[in-house]
Amino acid sequence: MSTASSSRRAPSPGRTRSVLSSRWVRVGVVVLVAVVLLAAPFILPQIANQTLIRIGVYAVAVLGLNIVMGYTGQVNLGQIFFVGLGAYVTAYGVTQGWNIVLVFISACLIAGIVGLVVALAAARLGGLAIAMVTIALPIVGVPLAKRFSDITGGSQGISAIFSNAPDWSGLFNDQWQYYIVLVVTAGGFLLARKLVRGKYGRAFAVVKGNEAVAASMGISPYWTKVLAFTIASVFGGASGFLYLAVVQYTSPETLSFGHSISLLAAMVIGGAGSIVGSLIGGAYYILVPQWTNQIDPNYTTISQGVILLAVLFLLPDGLVSLPRMIRRLARRGSPQPTAGHSPHPAPAQDPTAVPAAGTAPEAPESTERQKRS
């Protein structure tokens, strides 16, 4: 009696899964996360706010890289070029007294136009060829930034201060910058989620899987790649705008090829082809160098390489796949029912029981054999 009542009270996995997938539960989780994010800058210290701000800046850059590489399967080793381009456009617009909304639109639009031009020329290439084209972007960008010193400030760089908290807000500078980054980052992630879950996301997946199949389905691999690369460039420009809003200074070092490789490593470690993985990648880009510097600055690069190799070997799909890996290991460790022993045995039949109305009694085995013969 007690066993039956306890089994009746135990929630089944299917019921738990249905509760978690309920629309109201999802809405509640979203509201809770929004409240926590809005209240965070008033609770956390300044150093924590600045860390979260920088994570948001580079999460947008990793998100753009994820769209072109993780979802479409293209090679892009020059994402940092568009981040630096967006930062320079932002600095120029601020020094010229443009409206800040116009500055943001210009940073995204100019980066997107340059990305479109590059994509039109490079999307027909594949493998090593497109890799070399994208590698050339930051390599060429650094001397160009030094040469056009009237606009970029040359080797000394250029500063632009526009993100200090206004007096009417009653906020500190780090809190005001936090909300700027939060609005842009949240908007970018929502747009990216809508993009990859819609028809364009399905086109990206087909092109990544097999371009011949995509062409047979009426999807142009060339224009799909161009679209993905252009969108990634726009996200890079938005990240550059946020970068200047936080750092308030940019120089040719922003375009360094080493930063582009670090962005690529962050995307792989966070999880290629994952929106959440892009956020994890942004956190990796900021937090891991800080931790490794605290351990031993002389071994920062080696430590990051070891972490990258460990994630690649243990979690090929990135840190975003860690919960799935834990569930898989838990299922392996749980006891499995042996053959012939069902976890829910059928009730034994009473030989003296009378068959229910409308049902025929089971024939003996010998009678069944005679009928078959």
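Heads up: the structure comes first, above all this text.
Definitions and cut-offs
Residues numbered from 1 in each chain as written. Predicted model: local features only at pLDDT ≥ 70, side-chain atom pairs only at ≥ 80, totals over all residues. Heavy atoms only, no water. Helix = DSSP H or I, 4+ residues; strand = E, 2+ residues; numbered from the N terminus. Contact = heavy atoms within 4.5 Å. Areas by Shrake-Rupley, 256 points an atom, 1.4 Å probe, with all protein chains shown as cover. Salt bridge = Lys/Arg side-chain N within 4 Å of Asp/Glu carboxyl O. Axes fitted to C-alpha atoms, helices over the stretch in contact; angles between N-to-C directions. Parallel < 35°, antiparallel > 145°, perpendicular 65-115°, else oblique. Left-handed = near helix turned anticlockwise from the far one by under 90°. Nonpolar A, V, L, I, M, F, W, Y, C, P; charged D, E, K, R; others polar. Patch = residues over 30% accessible without salt bridge, like charges linked within 9 Å, V, L, I, M, F, W, Y side chains within 5 Å. Lys, Arg positive; Asp, Glu negative; His and termini not counted. Charge placed at Lys NZ, Arg CZ, Asp CG, Glu CD. Buried < 20%, exposed > 50% of the residue type's maximum accessible area, 1.4 Å probe, protein only. Expected span 1.5 Å × (residues − 1). Bend = angle between axes of the 7 residues up to and from the residue. 1 Å grid on protein atoms, 1.4 Å probe; cavity = no way out; pocket = protein on both sides within 12 Å on 5 of 7 lines; lining within 4 Å. Points joined across faces, edges and corners; volume = space filled by probe spheres on them. Phe/Tyr/Trp six-rings, centres within 6.5 Å; stacked < 30°, edge-to-face > 60°. Polar contact = N/O pair within 3.5 Å; in protein donor to acceptor, adjacent residues only side chain to side chain.

Looking only at helices and strands, one finds 17 helices and two strands in the protein chain. The long-range fraction of contacts in the protein chain, counting pairs at least 24 apart against all pairs at least 6 apart in sequence, stands at 73%. Entry remark: accessible area of the protein chain is about 21,900 Å², with carbon and sulfur atoms responsible for 66%.

If you walk through the whole model with that rule in mind, you get two salt bridges. Among the salt bridges present, the one from K225 reaches E211, with a minimum N-O distance of 2.6 Å. Here E211 lies in helix α11 (residues 211–216) and K225 lies in helix α12 (residues 221–247), a separation of 14 residues in the sequence.

Looking now at the packing of helix α5 (residues 79–95) against helix α6 (residues 100–122). Each packed pair of helices is defined by two parameters, the angle between the axes and the distance between the axes. Contact geometry for α5 and α6: axes closest at 8 Å, N-to-C directions at 140°. With respect to each other, α5 and α6 are oriented oblique. Classified by chirality, the crossing of α6 by α5 is right-handed. For the pair α5 and α6, the contacting residues are F81, F82, L85, G86, V89, T90, G93 and V94 in the first and V103, S106, A107, I110, A111, V114 and G115 in the second.

Let us now look at the packing of helix α9 (residues 173–196) against α12. Packing of α9 against α12 leaves a shortest axis separation of 10 Å and a crossing angle of 170°. As judged from the angle between their axes, α9 and α12 are roughly antiparallel. Between α9 and α12, the residues in contact are Q177, I180, V181, V184, T185, G188, A192 and L195 and I231, F235, L242, A245 and V246, respectively. Looking at the contact of α9 with α12, its residues break down into ten nonpolar, three polar and no charged.

The subject of this paragraph is a positive patch on the surface. Judged by side-chain charge, R23, R26, R193 and R197 come together as a positively charged surface patch. On the basis of relative accessible area, R23 is assigned to the exposed category, the value being 53%.

Despite not being glycine, Q248 shows a phi value in the positive range, around 65°. Tracing the backbone shows Q248 in the loop between α12 and β2 (249–250).

Let's shift gears to helix α14 (residues 275–295). Over its 21 residues, α14 extends 30 Å from the first C-alpha to the last, a length consistent with the 30 Å expected when each residue adds 1.5 Å. The largest bend in α14 amounts to roughly 30° and is located at Y284. Listed in full, the buried residues belonging to α14 are I275, G277, S278, G281, G282, A283, Y284, Y285, I286, V288 and T292. In the core, the buried residues of α14 are packed alongside α4 (46–71), α9, α13 (257–270) and α15 (300–314).

This part covers the layout of surface pockets. Space inside the largest pocket adds up to approximately 1,500 Å³. If you trace the largest pocket, you find 34 residues lining it, with V33, L37, F189, V276 and L279 closest to the centre. Mapped by element, the contributors of at least two residues to the lining of the largest pocket are α3 (23–43), α4, α9 and α14. Among the residues forming the lining of the largest pocket, the class breakdown is 29 nonpolar, two polar and three charged. The space that makes up the second largest pocket amounts to roughly 510 Å³. Around the second largest pocket, the lining comprises 22 residues; the ones closest to its centre are H259, S262, Y285, P289 and Q304. Listed by contribution, the elements that provide at least two residues to the lining of the second largest pocket are α4, α12, α13, α14 and α15.

What follows concerns a nonpolar patch on the surface. Where nonpolar side chains cluster on the molecular surface, the patch consists of Y92, W98, L102, I139, V140, L144, F148 and I151 and spans about 730 Å² of accessible area. Mapped onto the fold, I139 is located in helix α7 (residues 128–147).

Given two aromatic rings, their pairing is described by the distance between the two centres and the angle made by the two planes. Across all of its chains, the model carries ten aromatic pairs by this definition. A ring pair is formed by Y92 and W98, whose centres lie 5.7 Å apart and whose planes are at 85°; its orientation type is edge-to-face. Using a relative accessible area of 32% as the deciding quantity, one classes Y92 as partly exposed. Seen from their ring centres, F162 and F241 are 5.7 Å apart, and the 45° between their planes marks the pair as tilted. On the criterion of sequence distance, the pair formed by F162 in the loop between β1 (158–159) and α9 and F241 in helix α12 is long-range, its members being 79 residues apart.

Mapped onto the elements, S163 comes out in the loop between β1 and α9. Exposure remark for S163: the relative accessible area of 0% places this residue in the buried category. A distance of 2.4 Å separates the side chain of S163 from the backbone oxygen of A245, its partner in a polar contact. If sequence neighbours within four positions are ignored, S163 has contacts with N173, W176, Q177, I180, A245 and Q248.

Positionally, T134 belongs in helix α7. Using a relative accessible area of 1% as the deciding quantity, one classes T134 as buried. For the pair T134 and F81, spaced 53 residues apart in the sequence, the C-alpha separation amounts to 9.1 Å. Setting aside residues up to four positions removed in sequence, T134 forms contacts with V75, N76, L77, G78 and F229.

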